[in-house]
Amino acid sequence: MQNNDKYDFKTIEKKWQQRWEQENTNKVTHQGGRPKYYVLEMFPYPSGRIHMGHVRNYSIGDVIARYKRMQGFNVLHPMGWDAFGLPAENAAMKRGIHPAAWTYENIDYMRGQLKAMGLSYDWDRELATCRPDYYRWEQQLFLKMLDQGLIYRKETTVNWCNDCQTVLAREQVIDGTCWRCDQPVQPKIMNGWFFKITNYAEELLADLSKLSGWPEKVVTMQRNWIGKSTGLACDFKVADSDQTITIFTTRPDTVFGVTFMSLAVEHPLLKALTAGKPQEPEVNVFIRQTIIDKQRASLDQEQDKKGVFTGSYCINPFTGDRVPIYAANFVLMEYGTGAVMAVPAHDQRDFEFAQKYGLAVRVVVQPTDEPLDLAAMTEASEESGILIASGPFTGLDSQAAQQAIIDFAEKSGIGRAHITYRLRDWGISRQRYWGAPIPVIHCTTCGIVPVPQNELPVLLPGAGELKGNHSPLHQQEDFIATTCPRCGKAAKRETDTLDTFVESSWYFARYTNPGLTTGPIDQEAAAYWLPVDQYIGGVEHAILHLLYARFFTKMLRDLGYLTVDEPFTNLLTQGMVIKDGAKMSKSKGNVVDPNELIEQYGADTVRLFSLFAAPPERDLEWNAQGVEGASRFLNRVYRIISQNLSCFKSSAAIEVTSLNESSRQLYRKTHQTISRVTENIETNFHFNTAISGVMELVNLVAATTGEQKAIDPAVLRETLETVLTLLFPMVPHFCEELWQVSGHRQPLHTAFWPQYNLEAAREEEITIVVQINGKVRAKLQVPADIEDQALQQAAVNDEKIASLLENKVPRKIIVVPKKLVNIVL
RNA sequence: GCGAGCGUGGUGGAAUGGCAGACACACGAGACUUAAAAUCUCGAGGCCUUAUGGUCGUGGGGGUUCGAGUCCCCCCGCUCGCACCA
C-alpha cells in the first residue's frame, strides 16, 4: 500500500479546523435573501470537560446545521455556556480558587474540545451567562417584569436543601431529594421572589397544541405538569359560627353524597375550628405529627390515611346536612383550597378514610352498567353515571348534573365554576453566591426599590477579579451596604441570586445578537431568527427548562421584545449514552472520555460512530468495537478514492445510453442513495440508516471497481463526489480533504446538497415475490414497467408456481403492483 | 395508581400492512504474510436435510386481513415521567 493512502486524521482535522476558523466559515448575519434556519443544541454547563452525551448532542446538531446550509438555508448555529451554578462553588471551595476562575478555565478548555470536534458554530456569538454583559440584561428584564407585576415576593414554606444551602423550585425536587446532590429536602419558611408563571398557565397549556414538532411524550409531560382541573368552588358554612370553608371539587355531581369534610393540617381555619373543643389537644398533636411525617415520608410512597375529628361541623349547602369536619393527612394545602368535601362512595381516598373512622357512605351516582350495592362495596365507584338521591338533580347523568349543579351554585351564591392548576408560581430566589444578583434594594423607609437602570449591572462582588470573597451574598457586608436610590438613606441590597434556570430561559433569543449593548434582545434580529427551527437536547429537560423557556417567550412577547408565541418549533430529545446497561456517569464509573477517543480515532470517526450506532431519539449503547468499525469504514472510503483519483481528471458528462451494465448499476445506485439519504434526514434525522445507505453504495463501488469491470469514469466520479457530499455533514474534515485531494477548487462546505435524478434511479428490472396462500414460493425478474395483468400472467406461468398449482383453480389472485403476487387457493 | 414508550439474531440496529434480520459489530473459514496487524473473499436466525429444499421464527395469547414485526383486544416483562391533585 502506498503511503499517501493512509488516512491521517490528525493532520487533516487540524488543517481544516484552522482554515474554517480563518475564513470564519460559519459566521452569519440576519441579512440576505436566503431562508433562515436556526438550529440549537442545549448549551452545556461548563463542568470541566465534555462527555459522550455532549458529543452525541452536538454531532446531531452539527449534521443538521451543515445539511441545512447545503440545502441553501441561512443557518444560525450558536454555542455558549450555562455558566452559573452550584458545582462552580463546590469546586472553588475544594480547590481554594474563585468560582469565576474555575468556570472560565473550564469554558476555555471545553471550547477547545468543541473546536477539536469540528463543530460548525458561529463562535462570534458565543456567550457565557456568568458574564456581566449577559446577566446585566437579565437584571434589566427582571426589573421590567417587576414593573409589570409579573414578580412578587412572599413568605412560603420552601424546599430547602441543607447540603446546597439553598432553596429549590418544586420542579427541582425529585422524590423528595435535591435534583443536584440527591440529599433529602426539608421544608423551611422563607421570604422569596416568584415569577408569575401561573398567569400564563392557560396559554402554556393551550399552545401545546401548536407543538406538532415536539415528541408526544414531552407534550404530555408538560400537560400533566400544568395539570388543569375544572370544577366547582363551593362555600360550606361552619355550624354555629360565622366562618365559611371553601372547597374545590372536580365532581360537583357527587355533592349530595358528602358525609364529612377534610382539611389540610396547614389550613388557616383549623385552629379556630377546634379551639375550646374537647378534641383540641388531640388535634394539635395530630397537626404536629403529620407535619413531621410529611417531611420524613417524602421519600416513600403514599402513607396510610389518617385523620382526627375537629369537634366542629359544617353545613352542606345543597342538602342542609350537618357533617363533621376532620383534619386529614392526605389533604394538600398547596392544591385547590386545602379543604375537600368528602364523598366516600365516589372517591377512593374518602372511602378508605370513612371505613377507618366509621363514617357514613352515601351512594349518589349509579353507574350505568351495574347498580351499586352499598353493603357489598369494597372500594369507591369513581365512574360517572346517573344521579340518585340528589334532590332536584336526581335522574341527570353525571355530565349534565355537573353543569346544572354549578349553575345552581352560582345562582344561589354558594359557589362558582373554578379552574385550578397544578402548576405553581416559579420560586427564583437562591441563597447562593454564583448566580445573577437580584437587582433591588431594601430601604426601611421606601420598602423595596428597584436598582436604577443606569446602575446596572449589579455586579457579583469579586467575580471580575476572579478572586476574593465568594460566600453567599447575605454574608458579605460590603456588598449589602448601599444607599436607597429613592430617599438616599442607608439601605441594604437584596442578597438572593436568581435561579440558574432563568439564564437558560432566554439565551436562545440573546444569541440572535449577543453583542447588543443597548438592551437584552435585538428585536429585529430576534424577529428574523426566531423561533428556533430545531432544538436538540436531553429529555431530562422535558419539563423544567422547556416550560420556563416557553413562559419567557410568551412574557417577552408581551413585553414587546419578541414576535413569536413559542420558542422551539421542532424538538429532538436525544437518548442517553449507555454503557454496561447504565447511563454513563462518574458515580457509576463507566464514563468514556471523548478526548481519548478523538486522540485515538479522530473527531470524524467519533462523530460517525455516535450517529451510526442508534437513531438519535433512542438510547445509545456504547461499544468500543463500534468505533473501530466507523474508523474502518472511513479508511476504506479514503483508500477507494485515493486509488480512483484518475476519474476526477475529466469532466465529461455521463452518456447514459452507452453505459455498460456495471456502470449503469452504479449510476442507478448513486441516485437511489441520494434519494434515500435525503429522505432519512428529512423525515426524522435517522442518520443511522442514512449512513448505512452510503455504506451500501461504497460497497458497490468496491465490488465494481475491484474487478476491472471498466466503470465509466464519469459515473465513478459522480458516485465518489456523491459519497463525499452525502457524508460531509457527518464527517466534515474527512470529506473536505478528499474533495480537495480529488482536485476540486471550491471547498465542499460551499457545495449544494446533491439532487437525485428520478430517471437515473429507476430500475429496469425488478424482483417480484410470488406467494401461494401468503407463503413465498418463487421470485421473478420482470421489467420494471410491467402491467398488473402481465405480472399476474407471468406469475401463474412460472414453472415452479405452475407445478405447485397443479390443476387447482385459484380462488383469488392478489396483485400488488410492481411488488408481489399472492395466489389464494 | 395514572400517563407515555419499548420488547426483532450472539450485539447495536433495519423493515409506506407485502421477501423479517438491510447496514454494522462480534464470530467462523479462506487468501495475502516467515509471522502478526491491516486488507480482501466467503459463510452465518433455529430445527430437519448431503445439497436442492422444507419447516418454525419479531415477549405470550387471541382477532382483523389474501397477507401482520407493523393494525385491534387481552396478558407478561422492562424503561421513563407524574404521583394522596379532591
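Going by the structure above, here's the rest.
Below or above, wherever it landed, is the structure these notes cover.

1. Some thoughts on helix H1 (residues 9-23)
Between its terminal C-alpha atoms H1 stretches 21 Å, which fits the 21 Å expected from 15 residues at 1.5 Å a residue. Regarding H1, the residues found buried are Phe-9, Ile-12, Glu-13, Trp-16, Gln-17 and Trp-20. Buried positions in H1, seen along its axis, are confined to an arc of 120° and lie on one side of it. Opposite its buried face, H1 presents the exposed residues Lys-14, Glu-21 and Gln-22, each directed more than 90 degrees away.

2. As for the protein's contact with RNA strand B
Close to RNA strand B lie 50 residues, the nearest being Thr-250, Tyr-335, Arg-349, Lys-779 and Asn-822. Here, RNA strand B places atoms within 4 Å of the protein, and 62% of those atoms are sugar or phosphate. Within the contact set of RNA strand B, a base nitrogen lies 3.3 Å away from a side-chain nitrogen or oxygen of Gln-771. Arg-777 has a polar side-chain atom sitting 3.4 Å from a phosphate oxygen of RNA strand B. When contributions to the surface near RNA strand B are tallied by element, the ones reaching two or more residues are helix H7 (216-226), strand S11 (244-249), helix H18 (624-643), helix H20 (687-705), strand S31 (765-772), strand S32 (775-783), strand S33 (812-816) and strand S34 (820-824).

3. Quick notes on the packing of aromatic side chains
In this description, a pair of aromatic rings is defined by centroid distance and the angle of the planes. Here the structure, examined in full by the defined rule, presents 43 aromatic pairs. Measuring from centroid to centroid gives 4.5 Å for Tyr-134 and Trp-506, while their planes differ by 20°, and the two rings are stacked. In this pair, Tyr-134 is assigned in helix H5 (residues 132-147) and Trp-506 in the loop between strand S25 (497-498) and helix H13 (507-510), connecting sequence segments 372 residues apart. Each member of the pair, Tyr-134 as well as Trp-506, is classed as buried. Three or more aromatic residues joined by ring pairs make a cluster, and in this case those are Phe-195, Tyr-200, Trp-426, Phe-501, Tyr-548, Phe-551 and Phe-552.

4. What to know about helix H10 (residues 348-357)
Residue pairs three or four apart in sequence face the same way in an α-helix, which turns once every 3.6 residues. Those residues of H10 that sit buried are Asp-350, Phe-351, Phe-353 and Ala-354. One side of H10 carries all its buried residues, which in axial view fall inside an arc of 165°. Packed against the buried residues of H10 are strand S12 (260-263), strand S13 (307-315), strand S14 (322-328) and strand S15 (339-342). Among the residues trailing H10, Gly-358 stands out with phi positive, at a value near 65°.

5. Topic: the pairing of strand S22 (residues 447-450)
Pairing geometry for strand S21 (residues 440-443) and S22, over four bridges, is antiparallel. Note that in S22 the partner of Cys-443 across the bridge is Gly-447.

6. Re the pattern of salt bridges
Throughout the structure, instances matching the rule amount to 38 salt bridges. The residue Arg-153 makes a salt bridge to Glu-494 at a minimum N-O spacing of 3.5 Å. Taken together, the residues Arg-153 in strand S5 (residues 151-161) and Glu-494 in the loop between strand S24 (490-493) and S25 connect sequence positions 341 residues apart. According to the relative accessible area criterion, Arg-153 is partly exposed, its value standing at 29%.

7. Considering unusual backbone geometry
Note on backbone geometry: most residues besides glycine have negative phi, and most peptide bonds are trans. The omega torsion of the bond from Leu-456 to Pro-457 falls at -5°, within 30 degrees of zero and hence cis. Checked against the element boundaries, Pro-457 lands in the loop between S22 and helix H12 (477-480). With a phi angle near 50°, Asn-24 is a residue other than glycine that sits in the positive phi range. Position of Asn-24 relative to the elements: it lies in the loop between H1 and strand S1 (36-41). Residue Asn-24 is classed as partly exposed on the basis of its relative accessible area of 33%. Positive phi outside glycine occurs at Ala-389, with the angle close to 45°. Summarising the element assignment, Ala-389 is placed in the loop between strand S17 (386-387) and helix H11 (398-412). Given a relative accessible area of 53%, Ala-389 falls into the exposed group.

8. Here we look at empty space enclosed by the protein
A probe as big as a water molecule, rolled over the atoms, marks out the empty space that is left. Per the stated rule, a full pass over the model turns up two cavities of 30 Å³ or more. By volume, the largest cavity amounts to about 200 Å³. Forming the boundary of the largest cavity are 18 residues, of which Leu-86, Arg-180, Arg-430, Arg-432 and Thr-500 lie nearest the centre. Residue assignment for the lining of the largest cavity shows that the elements contributing at least two residues are helix H3 (86-95), strand S6 (166-168) and S25.

9. Regarding the environment of Ala-409
With respect to the helices, strands and loops of the structure, Ala-409 is situated in helix H11. Here Ala-409 falls in the buried class, since its relative accessible area comes to 0%. Remark: the alpha-carbon pair of Ala-409 and Cys-234, spanning 175 residues in sequence, is separated by 7.5 Å. Beyond its immediate sequence surroundings of up to four residues, Ala-409 is in contact with Leu-232, Phe-318, Ile-414 and Gly-415.

Cut-offs used in this document
Throughout this document, residue positions are counted from 1 along each chain, in the order its sequence is written. Think of it this way: whatever chain is written first is A, whatever ligand is written first is 1, and the rest follow in order. Per-residue local features are limited, in this predicted model, to residues with pLDDT of at least 70; the limit for side-chain atom pairs, both in listing and counting, is 80 or more; totals at the level of whole chains, interfaces and linings are taken over all residues. Values reported for side chains reflect all heavy atoms of the structure, with hydrogen atoms and water molecules removed beforehand. For the purposes of this entry, the term helix denotes a DSSP run of H or I that reaches at least four residues, the term strand denotes a run of E that reaches at least two, and both are numbered from the N terminus. Helix span, as expected, comes to 1.5 Å for every residue beyond the first. Buried residues are those whose accessible area, probed at 1.4 Å on protein chains only, stays under 20% of the maximum for their type, while exposed residues exceed 50% and partly exposed ones sit between those limits. By construction, the arc corresponds to the directions joining the helix axis to the C-beta atoms. Consider each residue's heavy atoms; a residue with any of them within 4 Å of a molecule or strand counts as near. Two N or O atoms count as a polar contact when they lie within 3.5 Å, although within protein this holds only if one can serve as hydrogen donor and the other as acceptor, and sequence-adjacent residues are included solely when both atoms are side-chain atoms. We call Phe, Tyr and Trp rings a pair once their centres come within 6.5 Å, taking the six-membered ring for Trp, and we label the pair stacked below 30 degrees between planes, edge-to-face above 60, and tilted otherwise. Residue contacts are defined here by distance: any two heavy atoms, one from each residue, within 4.5 Å place the two residues in contact. Paired strands are those between which DSSP finds at least two bridges. Just to be clear on terms, a salt bridge is a Lys or Arg side-chain nitrogen sitting within 4 Å of an Asp or Glu carboxyl oxygen. Any residue with an atom within 4 Å of a point lines the site, the site being either a cavity, points on a 1 Å grid over the protein atoms alone where a 1.4 Å probe fits but cannot get out, or a pocket, an open set with protein on both sides within 12 Å along at least 5 of 7 lines. Grid points are joined across faces, edges and corners, and a volume is the space filled by probe spheres set on the points.

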